[in-house]
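Here's the letter readout for the chains.
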Amino acid sequence: MIPCARLACFAPSVLRPLASSPCFPAAAQAHHLLRPAAPRASTSRRSAARMSSKASNDQPLLFIYGSLLVTEVMSALIERVPICQPGEVQGYNRYQLTERPYPGLFKGGPAEVTNEAIQGLLVCGLSADEMAILDYFEGDEYVTGMVQVKVCRTAHSVSEQGYLPQTVDAVKESEVEAVAYLFNEKLQHRLFGKWRPEDFLRMDIVPSYAANAKSYGEEARKLLKEGAFKPRGLGESLI
């Protein structure tokens, strides 16, 4: 079983439910409990992450809605900043997860959360290897599925810095199908409350989280080169 990448940010002995307040204070205050991670990339390295020049039709679009929305996290994994089109999905909720700082996209779930449009980004031009790296990072808490995404022609308003750059004309259609990492229904007992990107960006664990993501990207590339890791198919987890 491939371990959940983001879980490696936290020592098991100190995992605790996150508070239900929007800023996740429990996780923010426990940043010193993070496991040692790979050294944080230098500013020059991060700023040199290249922008994709165009969208590719080789791979399906990927709809992202959680920690992958953070430039520092995505670029740590795939070593570049991809072109991203703002979009939104209906019929799902974006939940906080107990003992985790990142969210799960799930249809249904706790009654206290009502369905609303979930804003995220359509990632264009990912290669097969890049998709495999993201598969490895997402781990066994998620399954891949297809979601219907409404394409937005204005950038999402995010109050905190660090959100991926948005390109409003990268996808020409008004609505598209895209792959998404949906939260595993076997774990739905861990869902509660709403999750917002601003709250994650406000947390001071983001640099360590991104450094951890970088180490998983490096490990995934090594496994792919050795033929030791096979990306999942639609509807599959890595269990």
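Residues numbered from 1 in each chain as written. Predicted model: local features only at pLDDT ≥ 70, side-chain atom pairs only at ≥ 80, totals over all residues. Heavy atoms only, no water.

**Points about the packing of aromatic side chains**
Note the threshold: In this analysis, rings of Phe, Tyr and Trp, with Trp reduced to its six-membered ring, are considered paired at centre separations within 6.5 Å, and the interplanar angle assigns stacked below 30 degrees, edge-to-face beyond 60, and tilted for intermediate values. Secondary structure elements are taken from DSSP: a helix is a run of H or I of four residues or more, a strand is a run of E of two residues or more, and numbering for both begins at the N terminus. Relative accessible area decides the class of each residue, using a 1.4 Å probe on protein chains only: under 20% of the type maximum gives buried, over 50% gives exposed, and in between gives partly exposed.
Per the counting criterion, the structure on display carries 6 aromatic pairs. Relative to Tyr216, the ring of Tyr136 has its centre 5.8 Å away and its plane inclined at 40 degrees; by these criteria the two rings are tilted. Highlighted residues: Tyr136 in helix α4 (residues 128-138) and Tyr216 in helix α6 (residues 206-226), separated in sequence by 80 residues. Tyr136 gets classed as buried once you look at its relative accessible area, which sits at 2%. The exposure class assigned to Tyr216 is buried, which follows from its relative accessible area of 10%. A connected cluster of aromatic rings, assembled from ring pairs, spans Phe137, Trp195, Phe200 and Tyr209.

**Some points on the pairing of strand β7 (residues 175-183)**
Looking along a regular strand, one sees the side chains alternate between the two faces of the sheet. The test is simple: The rule for pairing is simple: two strands pair if DSSP sees at least two bridges between them.
Where burial is concerned, most of β7 is hidden: 7 out of the 9 residues are buried. One ladder, built from 2 bridges, connects strand β1 (residues 62-64) with β7; its direction is parallel. Following the sheet pairing, Leu62 is matched in β7 by Val179. The pairing of strand β6 (residues 142-151) with β7 spans 9 bridges and is antiparallel. Bridged to Val147 within β7 is Ala178.

**Some thoughts on unusual backbone geometry**
The phi dihedral of Glu79 is positive, around 65 degrees, even though this residue is not glycine. Topologically, Glu79 is positioned in the loop between α3 (71-78) and β2 (84-89). A positive phi angle, near 70 degrees, is found at Glu99, a position not held by glycine. As for its position among the elements, Glu99 is in the loop between β3 (93-97) and β4 (104-106). A residue is classified by how much of its surface remains accessible, and Glu99, at 30% relative accessible area, is partly exposed.

**Re α6**
Basically, it comes down to this: One less than the residue count of a helix, multiplied by 1.5 Å, gives the span that helix is expected to have.
The terminal C-alpha atoms of α6 lie 30 Å apart, and with 21 residues this matches the ideal 30 Å at 1.5 Å per residue to within 8%. For α6, the full list of buried residues reads Val206, Tyr209, Ala210, Ala211, Asn212, Ala213, Lys214, Tyr216, Gly217, Ala220 and Leu223. A positive backbone phi angle near 70 degrees is found at Gly227, which sits one or two residues after α6.

**Observations concerning the nonpolar core**
Note the cut-off: Think of a nonpolar core as a cluster: buried Ala, Val, Leu, Ile, Met, Phe, Trp, Tyr and Cys residues, connected wherever their side-chain atoms sit within 4.5 Å. When checking whether two residues touch, look at their non-hydrogen atoms; a contact exists if any pair is within 4.5 Å.
Residues Leu62, Phe63, Ile64, Val73, Leu77 and Leu134 are the most contacted members of the largest nonpolar core, which totals 64 residues. Not counting the four nearest positions on each side in its chain, Val73 is found in contact with Ser67, Leu68, Phe137, Tyr209, Ala210 and Ala213.

**A word on the packing of α3 against α4**
Between two packed helices, what matters for the description is the angle formed by their axes and the separation of those axes. Note the cut-off: Axis angles are defined between N-to-C directions and span 0 to 180 degrees, where every axis is a line fitted to C-alpha atoms and, for a helix, only to the segment in contact. Take the far helix as your reference; a near helix turned counterclockwise from it by less than a right angle gives a left-handed crossing, and one turned clockwise gives a right-handed crossing. Side-chain classes follow a simple rule in which Ala, Val, Leu, Ile, Met, Phe, Trp, Tyr, Cys and Pro form the nonpolar group, Asp, Glu, Lys and Arg form the charged group, and the remainder, Gly included, forms the polar group.
Relative orientation of the contacting elements α3 and α4 amounts to 115 degrees, with a least axis distance of 9 Å. Between α3 and α4 lies a crossing of right-handed hand. Here Val73, Met74, Leu77 and Ile78 of α3 come into contact with α4, specifically with Glu130, Ile133, Leu134 and Phe137. Split by residue class, the contact of α3 with α4 holds 7 nonpolar, no polar and 1 charged.

**Some remarks on the environment of Ile205**
Relative to the helices and strands, Ile205 resides in the loop between α5 (197-202) and α6. Residue Ile205 is classed as buried on the basis of its relative accessible area of 1%. Along the sequence, Ile205 and Pro101 sit 104 residues apart, while their C-alpha atoms lie 9.2 Å from each other.

**Thoughts on the pattern of salt bridges**
For clarity, the cut-off: Here, a salt bridge means any side-chain nitrogen of Lys or Arg that lies within 4 Å of a carboxyl oxygen of Asp or Glu.
Counted by the stated rule, this structure contains 10 salt bridges. With its nearest N and O atoms 2.9 Å apart, the salt bridge here joins Asp199 to Arg202. Here Asp199 and its partner Arg202 are both found in helix α5, 3 residues apart, which amounts to about one turn of the helix. With a relative accessible area of 0%, Asp199 lands in the buried category. The class of Arg202 is partly exposed, set by a relative accessible area of 36%. Each member of the salt-bridge network shares a partner with another, and the members are Glu99, Arg100, Glu141 and Arg190.

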